[in-house]
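# Reading the structure
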Amino acid sequence: MGRVYLDHAATTPVDPAVVAAMQPYWHETFGNPSSIHAFGREARAAIDTARDTVARCLGARPEEILFTSSGTEANNTVLQGVFATNLGRGHVVTSAIEHHAILTTCQHLAPLGLRTTYLPVDQHGLVDPDDVRRAIDRETVLVSVMYANNEIGTIQPLAEIGRICREAGVPFHTDAVQAPGMLPLRVDDLGVDFLSISAHKFYGPKGVGVLYARTGTRFAPLLYGGGQERGLRAGTENVAGIVGLAKALALAVSGRDAAVAQLTALRDRFIESVLARVEHCRLNGHPTQRLPNNAHFSVEFVEGEALLLNLDLLGIAASSGSACMSGAQEPSHVLQAIGLPREVAVGSIRFTLGRSTTAAEVDQAADAFADTVARLRAMSPFYADAMRTRGR
Ligand SMILES: *Cc1c(COP(=O)(O)O)cnc(C)c1O
């Protein structure tokens, strides 16, 4: 049996059509977009076209699209940039389950004077919009709440949060890195002023992202130098990457309905199969408000890392729900935020399906999962004890 890749939330393979679209930009149309000669103008035209495409996909204007090196850079740009333009007035409202590109940046800015409110989430990972309303104060310069969580897949009520931010006159950013190809992306419908995406999460190349910034918003650049990206992001543009991102985004948007239908069916087949076969196993995240490709489980009496490594030996690539810190298993901030007891959280594992995932693959993964859990438990003295005292 072949290897099965179920870690699409970490990264995706580049679509061959995207590779083809990028191909001319390595050694034919290789000019520097800032050069005035024909070579440069051709590269500039490619970026202009890509920017138009991205803008169309987001329901935005081309001048609101900023190309970055990653989702991480897009998130940093908005947080650090908005903070920098509001010197002395620094409060950000975010959630406890954001990606590290948000949380670590807030922590970095704390000694520089940024105050951050980390909103709690409920057991399913949902932010309560009323909490956003209550958290906003006179010093709030930004609200940043992710669109869909990369670990447990929970989708936040962005439109409601966006309305609250608009009423309060506070700009609203969303880390939408997990959304393209899965969720609607039109910025006006979402009610956002800033939005981050990253090409390698939607079958584009690694190392290129977008920050959408609504006209009228203000933020200082992260990088200074040449005047690229209207002075908001210096550095010679990643022309091939930008072309690839635009192609990948157009494909993700046009193929979304079909992808969602296919992924949802396979994901539900997988979840049902796992829950039917693995005892003392729970699905984390929201039962319905979740990414169509995400299945995140906690399995009692098993360690997530052990599960992951054993599945890897069987050719199944998943992701651990807990980062292994200095030998001690520390459940992720997301699992802590949804209130999972530590002993349950340490047995967590994430499977994220993709375009190429088949029914045979999810069946193979569910088999391997059930067998591995059974084998690990057979070796666990905890499990034997627990079964005796619980009396199953
Ligand atoms: C992957 C990811 C990022 C980081 O994007 P990179 O381009 O890999 O830096 C940020 N936020 C979320 C939710 C992600 O899943």
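Residue numbers restart at each chain and count upward from 1, following the sequence in its written direction. Where totals are concerned, whole chains, interfaces and linings use all residues; where local detail is concerned, this predicted model gives features only for residues with pLDDT of at least 70, and gives and counts side-chain atom pairs only at 80 or more. Where side-chain values are given, they derive from all heavy atoms of the structure, hydrogens and water being excluded.

Another point: the packing of aromatic side chains. Pairing of aromatic rings covers Phe, Tyr and Trp, the last counted by its six-membered ring, and requires centre-to-centre distances within 6.5 Å; plane angles under 30 degrees mean stacked, over 60 mean edge-to-face, and any other angle means tilted. Taken as a whole, this structure holds eight aromatic pairs when the rule is applied. Considering the side-chain rings of Phe-30 and Phe-39, the 5.6 Å spacing of their centres and the 50° angle between planes classify their relative orientation as tilted. Pairing Phe-270 with Phe-297 gives two aromatic rings, centres 6.0 Å apart and planes at 70°, and the pair type is edge-to-face. In this pair, Phe-270 sits in helix α10 (residues 256–277) while Phe-297 sits in strand β10 (residues 294–299), placing the two residues 27 residues apart along the sequence. Three labels apply to residues, based on accessible area from a 1.4 Å probe with only protein chains included: buried if under 20% of the type maximum, exposed if over 50%, partly exposed otherwise in between. The exposure class assigned to Phe-297 is buried, which follows from its relative accessible area of 0%. One aromatic cluster is present, formed by Phe-270, Phe-297, Phe-351 and Phe-369 through successive ring pairs. A run of H or I in DSSP counts as a helix once it spans at least four residues, and a run of E counts as a strand once it spans at least two, with each numbered from the N terminus.

We now examine the pairing of strand β4 (residues 115–119). Pairing between two strands requires that DSSP report at least two bridges joining them. Pairing analysis gives five bridges linking strand β3 (residues 91–95) to β4, with the strands arranged parallel. Residue pairing for β4: Ser-95 is matched across the bridge by Leu-119. With strands facing away from the observer, any crossover in which the path from the first strand over the helix to the second runs clockwise is taken as right-handed. As for the winding sense of the linkage, the β-α-β connection from β3 through helix α5 (residues 100–109) to β4 is right-handed.

Moving on, we get to the site of the ligand. The immediate surroundings of the ligand are formed by Ser-70, Gly-71, Thr-72, His-99, Met-146, Asn-150, Asp-175, Val-177, Gln-178, Ser-198, His-200 and Lys-201. One of the side-chain N or O atoms of His-200 is found 2.8 Å from an oxygen atom in the ligand. Each accessible area is a Shrake-Rupley estimate made with a 1.4 Å probe; only the visible protein chains count as cover when residues are assessed. Notes on the ligand: free accessible area 380 Å², of which the protein chains cover 89%. Three classes are used, and their members are as follows: Ala, Val, Leu, Ile, Met, Phe, Trp, Tyr, Cys and Pro are nonpolar, Asp, Glu, Lys and Arg are charged, and the others, Gly among them, are polar. Partitioning the shell around the ligand into residue classes produces two nonpolar, eight polar and two charged. Here a residue is considered near a molecule or strand provided that any single heavy atom belonging to it is located within 4 Å of it. Polar contacts here mean pairs of N or O atoms no more than 3.5 Å apart (in protein, one a potential hydrogen donor and the other a potential acceptor; neighbouring residues in sequence count only if both atoms are side-chain atoms).

What follows is about the pattern of salt bridges. Two side chains with opposite charge may pair up if their charged atoms get near one another. Salt bridge, as applied in this entry: a Lys or Arg side-chain nitrogen positioned within 4 Å of an Asp or Glu carboxyl oxygen. In total, this model carries 19 salt bridges according to the counting rule given. Here Glu-73 and Arg-233 are joined by a salt bridge, their closest N and O atoms 2.7 Å apart. You can see Glu-73 sitting in helix α4 (residues 71–85) and its partner Arg-233 sitting in the loop between β8 (209–213) and α9 (239–254), a full 160 residues away along the chain. For Arg-233, a relative accessible area of 15% translates into the label buried. Glu-167 is the partner of Arg-133 in a salt bridge, and the nearest nitrogen-oxygen pair spans 3.8 Å. In this pair, Arg-133 sits in helix α6 (residues 129–135) while Glu-167 sits in helix α7 (residues 158–168), placing the two residues 34 residues apart along the sequence. With relative accessibility at 43%, the residue Arg-133 sits in the partly exposed group. Glu-167 sits in the exposed class, given a relative accessible area of 62%. When salt bridges with common partners are traced through the structure, they connect Arg-166, Asp-188, Asp-193 and Arg-214 into a single cluster.

What the four strands build is an open sheet, ordered β9-β10-β15-β12; its pairing is antiparallel. This sheet does not close on itself; its edge strands, each paired only once, are β9 (281–284) and β12 (319–320). Here β10 runs beside strand β15 (residues 348–352); their pairing, made up of five bridges, is antiparallel. Bridge assignment links Phe-297 to a residue of β15, and that residue is Ile-349. Only heavy atoms enter the contact rule, under which two residues are in contact if any of them lie within 4.5 Å. Every axis in this analysis is a line fitted to C-alpha atoms, fitted for helices over the stretch in contact. Angles between the N-to-C directions lie between 0 and 180 degrees. Contacts from helix α11 (residues 304–313) reach β10, β12 and β15 within the one sheet, and its direction differs from that of β15 by about 45°. In the packing of helix α14 (residues 359–378) onto the sheet, contacts are made with β10 and β15, and the angle to β10 comes to roughly 15°.

Reading across from one edge, β2-β8-β7-β6-β5-β3-β4 is the order of the seven strands in this open sheet, with mixed pairing throughout. Whereas interior strands pair on both sides, the edge strands pair on one side only; in this sheet they are β2 (65–68) and β4. Taken pair by pair, the neighbouring strands of this sheet meet at an average axis angle of 20°, ignoring direction. Sheet analysis places strand β6 (residues 172–175) next to strand β7 (residues 194–198), joined by three bridges and oriented parallel. The residue of β7 that forms the bridge with His-173 is Phe-194. Here helix α3 (residues 38–58) sits on the sheet in contact with β2, β7 and β8, set at roughly 115° to β2.

On to the packing of α11 against α14, then. It is at 10 Å that the axes of α11 and α14 come closest, and there the two elements cross at 125°. With respect to their mutual orientation, α11 and α14 come out oblique. Judged by the twist between their axes, the crossing of α11 over α14 is right-handed. Residue-level inspection shows Ala-306, Leu-307, Asn-310 and Leu-311 of α11 in contact with α14, the latter providing Ala-368, Phe-369, Thr-372, Val-373, Arg-375 and Leu-376. Here the contact of α11 with α14 is built from residues that sort into seven nonpolar, two polar and one charged. Note on terminology: angles under 35 degrees are roughly parallel, angles over 145 are roughly antiparallel, angles of 65 to 115 are roughly perpendicular, and the others are oblique. Should the near helix be turned anticlockwise from the far one by less than a right angle, the crossing is termed left-handed; should it be turned clockwise, right-handed.

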